[in-house]
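Structure assessment
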Amino acid sequence: MYDISVLTGGRAGDGINSAGLLIAHLFNQMGYQTYLYFDYPSLIKGGHNFTITRAAEQKIGAHRDQCDYLLALSQDSVDLHRHLLSDNAVILFDSGRVHGQGQGIPVEAILKAEQAPTVMGNSCIIGAFAKASGIPFDVVETVIRRQIPKVPEKNLAIARKGYEAVLEERVIPRVGTTCCPLVNGNEAIGLGLLHGGLDAYVAYPMTPTSNLLHFLAGAARDFPLTVVHPENEIAVMLMALGLSYAGKKTAVGTSGGGFCLMTEGFSLAGGAEVPIVVVMGQRTGPSTGLPTYTGQTDLRFVLHAGQGEFPRIVVAPGSSEQAYVWSSIALSLAWKCQVPAVILADKTLCEGTYSLDEKAMIVPGTGDPAKPGSSRSYRRYEMTENGISPLQFPPLRDAAIKVNSYAHDEDGITTEKADIVRLMTEKRKRKAQALKGEIDLLECVKTYGMGGARTALLCWGSTLLVCTEVARRYGFGVIQPIVLSPFPEEQLKAAVAGVRILIAVEENADGQLTLLCRQHGIAVDIHVDKLDGRPFSVEELGARLKEVS
Amino acid sequence: MQEKNLITGAQNTWCPGCGNFTIQFALRNAIRGLVSEGVPLENIVLVTGIGCHAKMSDYLGINSFYSIHGRTIPVATGIKLANPELTVICCAGDGDAYAEGLDHLIFGAKRNTDITVVIHNNRVYGLTTGQYTPTSPFGFRGKSTPQGAPEEPFNPLTLMLASGAGFVARSTSRKMPHLTGIIGQALRHKGFSFVDVLQICASYFNVSELYDRQGYELSGHDPSDFTAACRKAEEWDYNTDSPIAFGLFYQEAKPCFEERFSRHPVSNVHPEEQIRAFLEKKR
């Protein structure tokens, strides 16, 4: 089985992420499944960036610590990553900037000869990589024509010179003829929201969801979508609730710090029953933390955010396919049940690029929202059996649609009367049960390789694919709750039945899912944590599991 | 829930003599004026913050979003963006708009969203029983400043002029016909309309005498003259005892925020087709 990793390093501003993505596309054309990890510090120019592009014959979603090829556009790329290279790694470098072993490519001279801007250096490197790895030039041509459609001829000329500048070293064979779409988690979330009928997206830029804002702002040219970037996350949330009140299916996006500012609006959404979806991309906290690195430290935050008690949806997709499917579901269910929903992702998922399995992009239907009666008697908070009142939007003839952050009566008028406050609290509780009923109809807990496994890994979010890969090697099963609120207790209990040793793998210190399981009477035997803001590599998780099991 | 006289059956809990009554009836009458011109009542939406003023949501029988402290303007902006056909009115207090949500006020003016913002500026926190606000005079003895407020007030009119507001006016709860007229003008102005209403608080800051003695109605002022508007706005600094002008200080027609968003015609293409087209490019 072929399993190849390519480390591409350079300075921030060199377009390292694009280079890594082009390499992923080369692999994609050669029939491989790919995954791209992008590691970068929080600065614009000059600091060290690198990507690891991995290709394998089966589905992957994690990087490896042993890279087979190094493409170095800076001296740091050679000096800092020796421990990430396999013994006989192929090294290609920009001879104008880097001294070392391997094959040098005179990138600057090639660009100068072609009178090309620095940014086209990537094409040169890609060409050289293709030659060194025996990938035919027509594959390079296909990738450049598809992925850099603006100026393909010049990029192709440069790629050709890079191709001719080096010798073939270790051949990467074609393993198939199928190409998948390569999308990052932010794009998958955005597409899922669009599938669910998203009308508006409101966000203030914050890593790791800024690219979702950029993606949807671009998509607003093609889709009937309004995208707004207001003054701060408080305005984001409240503007979104205004859009939602007036009938637009709306989502917001942020990370932990921004979500702190959104919590007053989040509670308003819960109390006033205004549907809203929050895309929460976790990064390393607390506070500013490591802005461009990852973590799974905000599960308890989103489960408890906002004053008061109200039902909420929290889903944590673990792959690009799940990100697509569950973003659509989150939006539909938020509207059906008139509750806030959180799509809990992280830097690894948001900014990682994956081969998308289109066959797995099937979104289960969630049914239609409650039908309203006549508008003359419309009451925004009408008491119903399941606690969900018919949802209508202004303008509605002969009706006044009143939503209210205060305790309110069925008309939406403020009340402090004890009996009405109690009835409204009970209404929200019934709504929580209705939401749980909706969730129970869906496959909220996924299991992988559980046939006879006595040991299982318990994971949530982006650690899914590293867990499934490592678990396969050890003969472990994997259990992944995708929905974390309402907690799918019965489905999870059924999944862990028969497991002797349950090992939670979480990129946090406290074991947040472990604690949540304990609340629901599910015991976790071992907790494997991750405290450095970096995602688990396959080797690292393997070693950690060896220590504990 | 839509009452013929636009007043709901909710029990009114403003203090006797509260300036909010005047604002309520002035606003109600201004809305009736719009309706008489053919604006459907169901196209009018009121957004309020939190404070005494905000009870307007309960008392007026029209669409309303009773939001949270300081946040009327982003909510109103979202509603207007969702449906530009709606007439969106914010009632906000001075604590709301000048303290907790000052950023939104400035951005509302900067964006020129077509909404009308009526500030119930009683220059005191009433519902929390008497603390100083951004427009209380220097030395104001409130419950949080028993030694007197240690800071000068700011002038909301000059702030709005500096922020790009295209309609800047001031009135008072002491002059109901004037207030009704100004709110009516504000509702008809296309763009961000700002009305600072000097409202008396019967319980914590009753300065009726000051507003009656120093107040006068603008005449001979050209509201299209920005420099004159600034000069006029600076006449009274919300602190000292100088003449207080009521009327329209500045008006300018400008493109509105929501008009700058492209509006797609309702599409029959299911998003899945567009999604497939996007994915094809990513292959």
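Cut-offs applied
Residues numbered from 1 in each chain as written. Chains lettered and ligands numbered in written order. Predicted model: local features only at pLDDT ≥ 70, side-chain atom pairs only at ≥ 80, totals over all residues. Contact = placed C-beta atoms within 7 Å. Helix = DSSP H or I, 4+ residues; strand = E, 2+ residues; numbered from the N terminus. Nonpolar A, V, L, I, M, F, W, Y, C, P; charged D, E, K, R; others polar. Pairing = 2+ DSSP bridges. Axes fitted to C-alpha atoms, helices over the stretch in contact; angles between N-to-C directions. Buried ≥ 20, exposed ≤ 12 C-beta atoms within 10 Å, placed from the backbone. Arc of directions from axis to C-beta. Domains from an automatic or database assignment. Core = buried A, V, L, I, M, F, W, Y, C linked by C-beta atoms within 7 Å.

Re the interface of chain B and chain A
Counting from both sides, the interface comprises 43 residues of chain B and, opposite them, 50 residues of chain A. Among the elements that make up the side of chain B that touches chain A, the one with the highest residue count is helix α3 (residues 72-82) of chain B (eight residues). In the side of chain B that touches chain A, the residues fall into 21 nonpolar, 15 polar and seven charged. Across three bridges, strand β15 (residues 402-404) of chain A lies against strand β2 (residues 63-66) of chain B in parallel orientation. Across the sheet, residue N404 of chain A finds its bridge partner in β2 of chain B, namely Y66 of chain B.

What to know about the pairing of strand β5 (residues 85-94) of chain A
Residues and elements named next belong to chain A. Note that strand β4 (residues 67-72) and β5 share five bridges and pair parallel. Note that in β5 the partner of A72 across the bridge is F93. Bridge analysis of β5 against strand β6 (residues 103-105) gives three bridges, and the strand direction is parallel. Of the residues in β6, the one forming a bridge with F93 is G104.

So, the sheet that holds strand β8 (residues 200-203) of chain A
In any sheet, the strands associate via hydrogen bonds between backbone groups, in a parallel or an antiparallel arrangement. Residues and elements named next belong to chain A. Strand order in the open sheet formed by seven strands is β9-β8-β10-β11-β13-β12-β19, with mixed pairing between adjacent strands. Each edge of the open sheet is held by one strand with a lone partner, namely β9 (226-228) and β19 (483-485). On average, adjacent strands in this sheet sit at an angle of 20 degrees to one another, irrespective of strand direction. Bridging between strand β12 (residues 313-315) and β19 involves two bridges; their strand directions are antiparallel. Its bridge partner being in β19, V314 is matched across the sheet by S485.

Let's talk about the packing of α3 of chain B against helix α5 (residues 102-111) of chain B
When two helices pack together, you describe them by how their axes are tilted relative to each other and by the distance separating the axes. All names here are of chain B. Contact geometry for α3 and α5: axes closest at 8 Å, N-to-C directions at 40 degrees. Contact residues: α3 offers I73, P74 and T77, while α5 offers H104, L105 and G108. Looking at side-chain class alone, the contact of α3 with α5 contains three nonpolar, three polar and no charged residues.

Topic: the sheet that holds strand β20 (residues 501-505) of chain A
All names here are of chain A. Here five strands make up an open sheet; going across it, the order is β16-β18-β17-β20-β21 and the pairing mixed. In this open sheet, the two edge strands, each paired with only one partner strand, are β16 (445-448) and β21 (526-528). Going from strand to strand, the sheet's axes swing by 25 degrees on average, the running direction of each strand aside. Relative to β20, strand β17 (residues 455-458) runs parallel, the two being bridged by four bridges. Pairing of A456 across the sheet is with L502, part of β20. Of the strands in this sheet, β16, β17, β18 (477-481) and β20 touch helix α16 (residues 489-496), which is tilted by about 15 degrees from β16. Lying over the sheet, helix α18 (residues 538-548) contacts β20 and β21, oriented at roughly 155 degrees with respect to β21.

Some words on helix α10 (residues 271-281) of chain B
Turning to α10 of chain B, its buried residues number three or more, namely P271, I275 and F278 of chain B. When α10 of chain B is viewed along its axis, its buried side chains cluster within an angular range of 60 degrees and face the same direction. Facing away from the buried side of α10 of chain B by over 90 degrees, the exposed positions are E273, A277 and E280 of chain B. The secondary structure elements touched by the buried residues of α10 of chain B are α7 (185-195) of chain A.

A short note on unusual backbone geometry
With omega at 10 degrees, the peptide bond leading from T207 of chain A into P208 of chain A counts as cis. Structurally, P208 of chain A can be placed in the loop between β8 and α8 (210-219). Of note, S287 of chain A is a non-glycine position whose phi angle comes to about 50 degrees, a positive value. Looking at where S287 of chain A falls in the secondary structure, it is placed in the loop between β11 (276-282) and α11 (299-304). Phi is positive for R123 of chain B, which is not a glycine, with a value near 60 degrees. Mapped onto the fold, R123 of chain B is located in the loop between β4 (116-121) and α6 (156-163).

Thoughts on the environment of D237 of chain B
Residues and elements named next belong to chain B. Mapped onto the secondary structure, D237 falls in the loop between α9 (226-233) and β8 (244-251). Overall, the presence of 15 C-beta atoms within 10 Å leaves D237 in the partly exposed class. Counting along the chain gives 79 residues from D237 to T158, while the straight-line C-alpha distance between them is 9.4 Å.

A short note on the domain arrangement of chain A
Interfaces are often sized by the accessible area lost when the parts come together. In terms of domains, chain A is made up of domain 1 (3-165), domain 2 (182-360), domain 3 (375-440) and domain 4 (445-548). Spacing between the C-alpha centres of domain 3 of chain A and domain 4 of chain A amounts to 39 Å.

Points about the nonpolar core
If you look at the biggest cluster of nonpolar residues, it comprises 245 residues, and the most contacted ones within it are V277, A330, A334 and I343 of chain A together with V118 and V168 of chain B. Looking at this core element by element, the count peaks at eleven residues for helix α12 (residues 320-337) of chain A. With sequence-adjacent residues up to four places away left out, V118 of chain B is seen in contact with I23, L27, I89, C90, C91, I183, V195 and V197 of chain B. Residues V124, Y125, C201 and F205 of chain B belong to the second largest nonpolar core, which totals five residues.

Some words on α18 of chain A
All names here are of chain A. Turning to α18, its buried residues are V538, L541 and L545. Projection of α18 onto a plane perpendicular to its axis shows the buried side chains occupying an angular sector of 70 degrees, all on one side. Projecting away from the buried face of α18 at angles above 90 degrees are the exposed residues K546 and E547. Of the surrounding secondary structure, the elements contacted by the buried residues of α18 are α15 (464-474), β20 and β21.

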